[in-house]
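Okay, here's what each chain looks like letter by letter:
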Amino acid sequence: MQAKFRIFLSLVLTVSNIFIPIGRNPYCIDKNYGGTLIIWDRIFGTFVAEDEKVVYGLTHPINTFELFKVQFHHCISIWNTFWSTPGFCNKISVVFKGPGWEPGKPRLGIPEDIPKITGKEVPYGPKLPISLRVYAVIHFILMLGCYIVLFATKSCGKFLGRDKKSNVKKSSAKTLSQVTLLLRVGYIILTLTSIGFLMEQRPEAALLETARCTTFLALHRLGYLKTYNTLLSLTYEIFTPHEVCWPWECSNVAGSLAWLLDVLADRALSPSEIPGELRQDLIGEQGCVPGAPPNCRSQLACPSA
């Protein structure tokens, strides 16, 4: 039984083997490419077992959370090396050979050029206030929700059968328009960039985060983004000037904040409890909050139709 189990472990990728490709140790470089079956690495000579403690990260750390630098820093390095390397053939080799290649070296470079591991490597992590960490995590989770909804919406649908004439499958899937898809992807990129700036506490972080929140409100208002959470929808309705403008116009700030806390606490309100100027904006002719869902306890009592 143990022999069969050892044979099985020699064929598939194990927990120990999966950490090798993300290590910066010299013996981890260009090893264990297999995503499921490790047998291919054994056949082509790229397999290595975990020999010493794996130090994770890049061989040359970039120490940043900036999205575009993380994604394109290596392309910039190749570009700079391309122009600084003499000879046309050498320039082509810079593009198609390994990142450690230089004129006179093997295709993948030499292992001696890889920085040695001293054991004193410290992961990059700026010290941040707890409030900023919580804020970044919450908005990352919300962005992740937008990402999941984006692809779930794109792929959802129901098979309706085949067309009798053309024998083509019919489906009720609602695909997103190209404009909607591009705007949502752009918002996700903007969110990741803004979170990176916040984590590094850059001077531009506040301006970029303001632009990101404004972009969210605009896309939500125009229908390119949707919130599927009641609390998020309520927050949107409160902070969108066209729908509810009391944060900018109401002079009774304390009363407005108290009203907001009551709404978030899901407590039923009477017209006399709402601040005067706010009541004029929110209460319609029938004495109820326009646009409030029928099952919302926070809305004023509306006469049934």
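Presented here is a report on the structure given in the accompanying data block.

What counts and how
- Residues numbered from 1 in each chain as written.
- Predicted model: local features only at pLDDT ≥ 70, side-chain atom pairs only at ≥ 80, totals over all residues.
- Heavy atoms only, no water.
- Axes fitted to C-alpha atoms, helices over the stretch in contact; angles between N-to-C directions.
- Helix = DSSP H or I, 4+ residues; strand = E, 2+ residues; numbered from the N terminus.
- Parallel < 35°, antiparallel > 145°, perpendicular 65-115°, else oblique.
- Left-handed = near helix turned anticlockwise from the far one by under 90°.
- Contact = heavy atoms within 4.5 Å.
- Nonpolar A, V, L, I, M, F, W, Y, C, P; charged D, E, K, R; others polar.
- Buried < 20%, exposed > 50% of the residue type's maximum accessible area, 1.4 Å probe, protein only.
- Polar contact = N/O pair within 3.5 Å; in protein donor to acceptor, adjacent residues only side chain to side chain.
- Phe/Tyr/Trp six-rings, centres within 6.5 Å; stacked < 30°, edge-to-face > 60°.
- Lys NZ or Arg CZ within 6 Å of the ring centre and 35° of its normal.

## Overview of the packing of helix α4 (residues 67-84) against helix α5 (residues 88-96)
α5 packs onto α4 with a crossing angle of 165° between their chain directions and a minimal axis gap of 8 Å. The angle between α4 and α5 places the two elements in the roughly antiparallel class. Between α4 and α5 the crossing geometry is right-handed. Together, Ile78, Thr81, Phe82 and Trp83 of α4 and Lys91, Ile92, Val94 and Val95 of α5 make up the contact between the two elements. Looking at the contact of α4 with α5 residue by residue, the classes come out as 6 nonpolar, 1 polar and 1 charged.

## A short note on the side chain of threonine 193
Considering the arrangement of structural elements, one finds threonine 193 in helix α7 (residues 178-200). The exposure class assigned to threonine 193 is buried, which follows from its relative accessible area of 11%. A distance of 2.8 Å separates a polar side-chain atom of threonine 193 from the backbone oxygen of isoleucine 189. Threonine 193 has contacts with Leu67, Phe68 and Leu208, leaving out every residue within four places of it along the chain.

## Thoughts on the packing of aromatic side chains
The tally for this structure, following the rule as stated, stands at 6 aromatic pairs. An angle of 65° between the planes, with centres 5.9 Å apart, marks the rings of phenylalanine 19 and tyrosine 56 as edge-to-face. Residue phenylalanine 19 is found in the loop between α2 (15-18) and α3 (39-44), and its partner tyrosine 56 is found in the loop between α3 and α4; the two are separated by 37 residues along the sequence. With relative accessibility at 31%, the residue phenylalanine 19 sits in the partly exposed group. Judged by centre distance (5.9 Å) and plane angle (40°), the ring pair of tyrosine 187 and phenylalanine 216 falls under tilted. In this pair, tyrosine 187 sits in helix α7 while phenylalanine 216 sits in helix α8 (residues 205-222), placing the two residues 29 residues apart along the sequence. A connected cluster of aromatic rings, assembled from ring pairs, spans Trp79, Phe82 and Trp83. Here the guanidinium or amino end of lysine 91 rests over the ring plane of phenylalanine 82, the centre of that ring lying 5.2 Å away.

Everything listed here is a matter of coordinates, which is why it stays silent on function.
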